[in-house]
Amino acid sequence: MEHAALIAALDEQASLEFLAQMIRFKSYSATPGERELAEFMVDRMNAIGLQAELTPVPGGRVNAIGRWRGTGAGPGASLLFNGHLDTNPVSEGWTVDPWGGLYDDAFIYGIGVSNMKAGDAAYYCAVKTLIDQGVRLPGDVVLTYVVGELQGGIGSVAAIEQGVAADYFINAEPTDVQALTMHAGSFVFVIEITGSTRHLSKREEAADAIAAGCWLVPRINAMTFSGAAGPEHRSINRANVGVMRGGLGREMLEWRAPQVADFVRIQGSARYAPGQTEDGVMADLRGLLDEMEGMFPGIRASVSINRSDNRPTMLPFQVDPQSRIVRAVNDAYRAVRHADQPTGALRPPAFYGTDAAHFYQRLGMPGIVCGPGGKYNTMPDERVDIPDYLDAIRVYMLAILDICGR
């Protein structure tokens, strides 16, 4: 069949219903629902002829891994799809059932539908459609449904350590079907500011940790970091303070408001580009703290990286925009949407952390991040544009044909 006929063969209603089924699993991280969804994905992959199984993840969790074996008769390369099954929790403000699998003429709704069950369902439906149309390919297609991306990517790391790999990969995190070729690495930092307390009557003799912290926060939020390779890399530098607490002593006691606070703890997150390092970012933060200490006599500050939960570090990701996988996805997008695909270190997705970094950093695999959803990600009534979801399936179908060969 010609490519146009193959993508026209997509059963749109069945594809929506499959995604709706996935949404109905309450697959919060490290809960029974997460395992139930993984079991469902293995069942569905086996049902269409893939070799699929549950594989272990530390903490008693499981991934769902499937392989569509190629014929080996030809030059086709192998292609791996990657996405996570676990979701963020439901917040306040929902007006629809988060687990109802509801959809209308414009959107499909549900917790985790954008991050990232729509992407997960899209690559399953792409493979199913090709199989249903009798397509056979020389190269393998590997479908990975991992857990623990929200804990630093422990599921993808486990899969990699168990030997799951391919020549190229597509990570289906939500990019509004744009081609993300670079994203930031990230880590959480902790800053502790120590001053000297006095009663408010002698405030001039104090070293006010809260005043110093208030000076510091907007400067952290405005930071870029040294060593960026160029403007595109610098464009995905960002730091943000998310937690700031202060009071008397390390207990940050709150009942003695007439005294000047002598201790503040700040937690924030930094985003840095490929070619930059955690050490470089920490040195830049240290330089800012040195400036603060000079501005506020008696103030002393320290900065460290928060590694208390032992989760994997989310490292930066990059792929050459001229790589075969990028060109394959760009060509597929053009064939489906008759327009050029936005490509590059696109914001806001370039500020995300994804499991793409683990395949890039640990295995050197060239890949791309491209998936449906994004605009309505991580918010009440989380939803995905139905045309984006269906077009993502079509893009994946054509990318499979290109990479894995006919």
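Think of each chain on its own: its residues are numbered from 1, step by step along the sequence as written. Reporting in this predicted model follows two pLDDT cut-offs: at least 70 for local features of residues, and 80 or more for side-chain atom pairs to be given and counted; totals over whole chains, interfaces and linings ignore these cut-offs and use all residues. Working from all heavy atoms in the structure, the side-chain values ignore hydrogens and water.

Per an unreviewed UniProt entry, the recorded name for the protein chain is Acetylornithine deacetylase, and the organism is Bordetella genomosp. 11.

Below, the discussion takes up the layout of surface pockets. Every definition here rests on a 1 Å grid over the protein atoms only: cavities are sets of points where a 1.4 Å probe fits but cannot get out, pockets are open sets enclosed by protein on both sides within 12 Å along at least five of seven lines, and lining residues have some atom within 4 Å of a point. Grid points are joined across faces, edges and corners, and a volume is the space filled by probe spheres set on the points. Within this model, the largest pocket holds a volume of roughly 740 Å³. Along the wall of the largest pocket there are 30 residues; nearest its centre are Ser186, Arg271, Arg311, Met314 and Gly353. Helix and strand assignments come from DSSP, with helices taken as H or I runs of at least 4 residues and strands as E runs of at least 2, each series counted from the N terminus. Elements that contribute at least two residues to the lining of the largest pocket include exactly β9 (185–194) and β11 (263–272). Amino acids outside the nonpolar list (Ala, Val, Leu, Ile, Met, Phe, Trp, Tyr, Cys, Pro) and the charged list (Asp, Glu, Lys, Arg) are all regarded as polar, and Gly is one of them. For the lining of the largest pocket, a count of residues per class yields 10 nonpolar, 13 polar and 7 charged. The domain limits used here are those given by an automatic or database domain assignment. Per-domain counts for the lining of the largest pocket show at least three residues from each of domain 1 (3–183 + 316–405) and domain 2 (185–305). Considering the residues around the second largest pocket, the lining is formed by 14 residues, among which Asp11, Ala14, Ser15, Lys128 and Asp132 are closest to the centre.

With that out of the way, let us pick up the pattern of salt bridges. Here, a salt bridge means any Lys or Arg side-chain nitrogen found within 4 Å of an Asp or Glu carboxyl oxygen. As enumerated under the stated definition, the model contains 21 salt bridges in all. With its nearest N and O atoms 2.5 Å apart, the salt bridge here joins glutamate 12 to arginine 394. Pair noted here: glutamate 12 is in helix α2 (residues 12–23) and arginine 394 is in helix α11 (residues 386–404), with a separation of 382 residues, a long-range link. Taking the shortest distance from any N to any O, the salt bridge between arginine 337 and aspartate 391 comes out at 2.8 Å. Residue arginine 337 is found in helix α9 (residues 324–337), and its partner aspartate 391 is found in helix α11; the two are separated by 54 residues along the sequence.

Right, let's get into unusual backbone geometry. Of note, the amide linkage connecting asparagine 115 to methionine 116 takes the cis form, showing an omega dihedral of 0 degrees. Residue position: methionine 116 is located in helix α4 (residues 113–132). Here the bond from arginine 347 into proline 348 is cis, since omega is 10 degrees, no more than 30 degrees from zero. Locating proline 348 in the fold gives a position in the loop between β14 (343–344) and α10 (356–363). Even without being glycine, histidine 338 reaches a positive phi, approximately 55 degrees. With respect to the helices and strands, histidine 338 occurs in the loop between α9 and β14. Of note in the backbone geometry, aspartate 381 takes a positive phi value of approximately 55 degrees without being a glycine. As for its placement among the helices and strands, aspartate 381 is situated in the loop between β15 (367–369) and β16 (383–385).

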